[in-house]
Amino acid sequence: MNTKLHAVADANGRPLNFFMTAGQVSDYTGTAALLDDLPNAQ
């Protein structure tokens, strides 16, 4: 069994939020979970 770690990072590469899914789950699931947590663009 494996896992995937999806992350939102700032411009300096520092992690802001994480979401973990099972390895066989589509990447779209992790992306959809993190979309609302994206910081506003400047």
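Preceding this section is the structure that the text describes.
Attention here is on the structure that accompanies the text.

Rules used throughout
- Here the residue numbering is sequential within each chain, running from 1 through the sequence in written order.
- Whole-chain, interface and lining totals are the exception, using all residues; otherwise, since this is a predicted model, local features are given only for residues with pLDDT of at least 70 and side-chain atom pairs are given and counted only at 80 or more.
- Heavy atoms throughout the structure, all of them, feed into the side-chain values; hydrogens and water do not.
- Here the rule is simple: two strands pair whenever DSSP picks up at least two bridges between them.
- Numbering of helices and strands runs from the N terminus; a helix is a DSSP stretch of H or I covering at least four residues, while a strand is a stretch of E covering at least two.
- Any carboxyl oxygen of Asp or Glu within 4 Å of a side-chain nitrogen of Lys or Arg constitutes a salt bridge here.

### Section: the pairing of strand β1 (residues 3-9)
Part 1: Where β1 meets strand β2 (residues 15-22), seven bridges bridge the pair, whose relative direction is antiparallel. Looking at the pairing, His6 lines up with Phe19 of β2.
Part 2: Taking the residues between adjacent antiparallel strands as the criterion, β1 and β2 are bridged by five residues, where Gly13 takes a positive phi near 85 degrees.

### Points about the pattern of salt bridges
For side chains bearing opposite charge, pairing can occur when the charged atoms are close.
Part 1: This model, assessed by the stated rule, comprises two salt bridges.
Part 2: Linking Asp10 and Arg14 is a salt bridge whose minimum nitrogen-to-oxygen distance equals 2.8 Å.

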